[in-house]
Every structure is written in structure tokens, then in C-alpha cells.
Amino acid sequence: MKRILVTGGAGFLGSHLCDRLIKDGCDVLCVDNFFTGSKTNIAHLIGNPYFELMRHDVTFPLYVEVDQIYNLACPASPVHYQFDPVQTTKTSVHGAINMLGLAKRIKARIFQASTSEVYGDPVMHPQPESYWGNVNSIGPRSCYDEGKRCAETLFFDYYRQHNLDIKVARIFNTYGPRMHPNDGRVVSNFIVQALKGNDITIYGDGSQTRSFCYVDDLIEGFIRIMKTEAGFTGPINLGNPSEFSMLELAETILRLAKSNSKLVYQPLPQDDPRQRQPDIALATSSLGWTPHVNLEDGLKETIDYFRQIL
Ligand code: NAD
Ligand code: UDP
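Residues numbered from 1 in each chain as written. Chains lettered and ligands numbered in written order. Predicted model: local features only at pLDDT ≥ 70, side-chain atom pairs only at ≥ 80, totals over all residues. Heavy atoms only, no water.

A. The overall build of the protein chain, seen in detail. A tally of regular secondary structure across the protein chain gives ten helices and 13 strands. Taken against the 2.2 N^0.38 rule, which gives 19 Å for 310 residues, the C-alpha radius of gyration of the protein chain at 19 Å falls within 12% of a compact globule. Along the first, second and third principal axes, the C-alpha set of the protein chain runs to 55 × 45 × 40 Å. Within the span of the protein chain, comprising 310 residues, buried residues form 56% of the whole. (Helix = DSSP H or I, 4+ residues; strand = E, 2+ residues; numbered from the N terminus. Rg over C-alpha atoms; globule rule 2.2 N^0.38 Å. Buried < 20%, exposed > 50% of the residue type's maximum accessible area, 1.4 Å probe, protein only.)

Pasting the structure below:
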């Protein structure tokens with residue numbers, strides 16, 4: 001039985017990953033400081049003898065014995081990561097150093113949840129892994145973008161310098177049940193607004209695009225990259241290439257939620273990327289991975305979830 005550490009395991013993606021690992025017969029240690037995650041996300045796993053929960057902040061060293069590490073700890077939504085930007089950078093950078101140091105000591109394979117934000121506001125479209133990105137180093141999104149870029153640098157330096165077994169995935173916008181209702185991300189915002197009959201807040205003119213991946217597809221990608229042979233490091237894009245404007249997303253959510261909410265237009269946040277779409281050729285050829293859940297089906301599941309919790 002593999003012992004697996006999931007940092008950020010009480011968060012949106014982390015809790016789905018814990019579910020999947022438990023289902024696959026692993027012994028899971030979930031580490032979280034509950035900054036954006038919650039016990040509710042993993043409450044159903046508490047009491048399972050193969051699931052253990054530890055309150056810990058990854059900016060401090062951690063001494064445990066496991067076979068593999070998934071490093072997901074980091075707030076992911078702009079509202080949350082901009083709340084305490086210094087802590088966001090510390091979580092990405094000190095967190096990576098601590099988890100890489102742990103992996104080196106115990107010789108564990110380690111996965112990093114990197115992000116499409118490393119491409120910034122991309123001038124190349126769609127974005128392949130070879131694209132170096134267009135990132136502002138001093139803006140409000142920089143604590144997250146540059147923190148994640150520095151974490152990637154650390155992962156690859158530990159790989160080159162210490163021969164560490166690393167796997168780096170660049171995750172594109174992912175949605176699904178257990179997203180935080182107040183995290184300010186577009187899918188959760190629009191669904192909550194639609195269900196409550198509040199105005200739908202379109203930032204800018206709504207023509208900016210994103211490509212949305214359903215959580216189950218993404219987690220399958222994590223598991224597959226973790227099973228690749230040593231030396232397969234990534235970075236590898238994981239996301240759904242179907243691209244939608246924010247206006248299209250709003251209209252789809254209104255229709256599926258049978259909501260009469262009105263669209264209102266608000267200023268576009270600074271440095272908001274104009275467009276984003278993953279090039280997933282590498283994931284398809286090397287992992288045999290493609291996302292299967294289309295936006296409507298995924299949104300229906302997510303709307304059902306929000307209906308239950310609101
Ligand atoms: P989330 O905010 O739901 O989860 C992050 C988890 O990390 C939370 O449980 C939080 O409490 C925990 N955490 C934060 N700081 C910590 C610290 N210092 N020590 C310990 N735990 C800490 O976000 P998510 O959407 O589940 O994202 C998980 C990971 O995936 C993040 O690293 C994020 O950057 C990455 N990612 C997510 C997306 C997406 O669309 N959801 C896209 C790109 C990258
Ligand atoms: N957005 C929006 N209304 C909202 C929340 C977000 O129009 O209520 C837009 C936001 O400006 C961005 C896109 O939706 O262009 C995706 O935003 P999100 O915060 O979900 O993710 P990210 O910008 O990090 O991709």
C-alpha cells in the first residue's frame with residue numbers, strides 16, 4: 001500500500017485527489033492549514049483508517065515518511081491569493097523548498113500543482129509547454145504567478161542538482177463540486193449569482209476567454225503523470241482545450257440553472273489575461289490523456305452541488 005502525502009488536501013482539488021487515492025487503495029496523509037480549504041471537503045473521509053488529517057502550514061518544515069508527495073497547498077483564486085500576497089509567495093516558494101527537501105530526504109516522487117498562470121497574459125495561443133510566458137512581475141497577480149514560476153524553478157533545480165523524481169503539471173482553469181462559494185472565481189461566482197437571482201458580474205466586456213476542465217478529468221491526469229517513468233518531469237499542460245468567452249459561460253449557466261439573473265458589467269481587473277487555452281498534445285501523446293466531460297455536463301454537476309450547499 002502506497003503512503004501518499006497530499007498538501008492542500010482539504011481544498012477543492014486536493015479533496016477530490018484524496019478521494020481518488022483512497023479509492024485506488026492508498027494510505028493518504030492530508031496536510032492543510034485550512035486557509036481556503038475546509039474540513040467539510042474531507043469530512044466523509046475522517047474515520048477511514050487509511051486517511052489521516054494534519055493541520056500544518058507548508059511554509060514550515062514537515063517531517064513525515066511517505067512514498068509520494070502531491071504538492072497542492074496554495075490558494076488558487078485571485079481573491080484569496082491577493083488577500084495576503086506575501087503569504088501566497090511564501091506558500092509557493094518556502095512550501096516548495098520544504099516539500100522538495102522532504103522528498104529528497106525520503107527519496108519520494110513529488111508532484112507540483114503548477115498553473116497556466118506561468119504563461120501570464122499569453123501572446124501565443126494556444127499555449128504549449130515550450131512557451132515562456134508573458135508575466136508582470138510587479139502586479140497584483142504576481143504573488144501567485146511568480147511564486148508558481150519560482151516553484152517550478154526549484155523543482156527543476158532539485159531535479160538537476162539532486163536527481164529528484166519530479167512531476168510538474170500546469171493546470172488550466174478547473175471547476176466542479178467543492179469550489180469555495182466565495183472564492184471569486186468565475187464559475188462559482190456565476191453559479192451562486194444565478195441560483196440566488198443576483199446580477200451576474202461580467203468583468204470587462206466578457207469577451208476574454210478561458211478553457212474550463214471538469215475536476216474528475218483533471219484528477220485522472222494527476223494520477224497518470226504520477227505513474228510515468230522516472231525522468232518524465234513535465235512540465236505538462238492539463239486542461240480542457242474547449243475555449244469559451246465569459247459571456248458564453250454566463251449564458252450557459254443562466255440556461256442550465258433556469259435563472260433570470262441579469263448581466264451587469266464591471267471593470268476588468270488589472271492584468272486579467274485576455275485569452276487562455278491549453279495545448280494538450282504532450283498530455284495526449286505521453287499520458288494518453290484527454291478530458292471527457294463537456295462544459296454543460298460538468299456545469300450541471302456543479303450547479304447541483306451549489307444548490308445543495310446554498
Ligand atoms: P484551494 O484554495 O481550494 O486549495 C488550496 C488548499 O491549500 C486549501 O485547502 C488551503 O487551505 C491550502 N493551503 C493554502 N496555503 C497553505 C499553506 N501555507 N499550508 C498548508 N495548506 C495551505 O485551491 P484549488 O483550486 O484546490 O488549487 C489547488 C492547487 O492547484 C493550488 O496549488 C493551485 O495553485 C493549483 N491550481 C488550481 C487551478 C484551478 O483551476 N483550480 C488552476 C491552476 C492551478
Ligand atoms: N470574471 C468575471 N466575473 C466574475 C469573476 C471573474 O467576468 O464574477 C472573469 C475574470 O475577469 C477572468 C475570468 O472570469 O477574465 C476568469 O476568472 P477567474 O478568477 O475564475 O480565473 P483566472 O482569471 O485566474 O483565470
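B. Geometry of the site of ligand 2. The environment of ligand 2 is formed by 18 residues, the closest being V186, T201, R210, D272 and R276. N173 is positioned with one of its side-chain polar atoms (N or O) 2.9 Å from an oxygen atom of ligand 2. Between ligand 2 and the protein, one listed contact pairs a nitrogen atom with a backbone N or O atom of T201 at 2.6 Å. Summarising the interface, the protein chains cover 95% of the accessible area of ligand 2, which totals 520 Å² for the free molecule. Taken together, the elements giving at least two residues each to the shell around ligand 2 come down to α6 (186-196) and β8 (200-203). Its residues placed into classes, the shell around ligand 2 shows seven nonpolar, five polar and six charged. (Near = heavy atom within 4 Å. Polar contact = N/O pair within 3.5 Å; in protein donor to acceptor, adjacent residues only side chain to side chain. Areas by Shrake-Rupley, 256 points an atom, 1.4 Å probe, with all protein chains shown as cover. Nonpolar A, V, L, I, M, F, W, Y, C, P; charged D, E, K, R; others polar.)

C. Here's a closer look at the pattern of salt bridges. The tally for this structure, following the rule as stated, stands at 17 salt bridges. Residue R3 is joined to D67 by a salt bridge in which the shortest nitrogen-to-oxygen separation is 3.1 Å. Remark: D67 occurs in the loop between β3 (51-55) and β4 (68-71) and R3 occurs in strand β1 (residues 3-7); sequence separation between them is 64 residues. For D67, a relative accessible area of 29% corresponds to the partly exposed category. With a closest N to O distance of 2.7 Å, R224 and E220 form a salt bridge. (Salt bridge = Lys/Arg side-chain N within 4 Å of Asp/Glu carboxyl O.)

D. Looking closely at the sheet that holds β1. Read across the open sheet, the seven strands follow the order β3-β2-β1-β4-β5-β6-β11; overall the sheet is parallel. Looking at strand neighbours, the two that pair on one side only are β3 and β11 (236-238), the edges of this open sheet. Neighbour-to-neighbour, the strand axes of the sheet open up by a mean angle of 20°, direction not taken into account. Pairing of β1 with strand β2 (residues 27-32), which is carried by five bridges, proceeds in the parallel orientation. By the bridge assignment, V6 is partnered in β2 with C30. The sheet contacts of helix α1 (residues 12-23) involve β1, β2, β3, β4 and β6 (166-171), and relative to β1 the element is tilted by about 170°. Strands in contact with helix α5 (residues 142-162) are β5 (109-115) and β6; relative to β5, the strand with the most contacts, it is inclined by about 155°. (Pairing = 2+ DSSP bridges. Axes fitted to C-alpha atoms, helices over the stretch in contact; angles between N-to-C directions. Contact = heavy atoms within 4.5 Å.)

E. Representation of the site of ligand 1 in the model. The environment of ligand 1 is formed by 30 residues, the closest being L13, D32, T36, Y144 and K148. In the model, an oxygen atom of ligand 1 is placed 3.3 Å from a nitrogen or oxygen of the C74 main chain. Here a nitrogen atom of ligand 1 and a side-chain polar atom of R185 are 2.8 Å apart. Elements that contribute at least two residues to the shell around ligand 1 include exactly α1, α4 (85-106), β5 and α5. No other element matches β5, which puts three residues into the shell around ligand 1.

F. How the structure looks around the environment of S259. Relative to the helices and strands, S259 is located in the loop between α8 (246-256) and β13 (263-266). Separated by 197 residues in sequence, S259 and L62 place their C-alpha atoms 47 Å apart. Beyond its immediate stretch of four places on either side in the chain, S259 contacts A194 and L254. In this structure the side chain of S259 is engaged in a polar contact, spanning 2.9 Å, whose partner is the backbone oxygen of A194.

G. Representation of the side chain of T115 in the model. Tracing the backbone shows T115 in strand β5. Within the structure, T115 has its side chain in polar contact with the backbone nitrogen of E117 (distance 2.9 Å).

H. Structural context of a negative patch on the surface. On the surface, D216, D297, E301 and D304 cluster together to form a negatively charged patch. At three residues, helix α10 (residues 295-309) tops the list of elements feeding residues into the negative patch. In this fold, D304 is placed in helix α10. (Patch = residues over 30% accessible without salt bridge, like charges linked within 9 Å, V, L, I, M, F, W, Y side chains within 5 Å. Lys, Arg positive; Asp, Glu negative; His and termini not counted. Charge placed at Lys NZ, Arg CZ, Asp CG, Glu CD.)

I. Examining the side chain of R178 more closely. Here R178 is to be found in the loop between β7 (174-175) and α6. Within the local environment of R178, its side chain forms a polar contact with the side chain of D19, the two groups lying 2.8 Å apart. Residue contacts for R178: discarding those within four places in its chain leaves F12, S15, H16, D19, N41, H44 and Y305.

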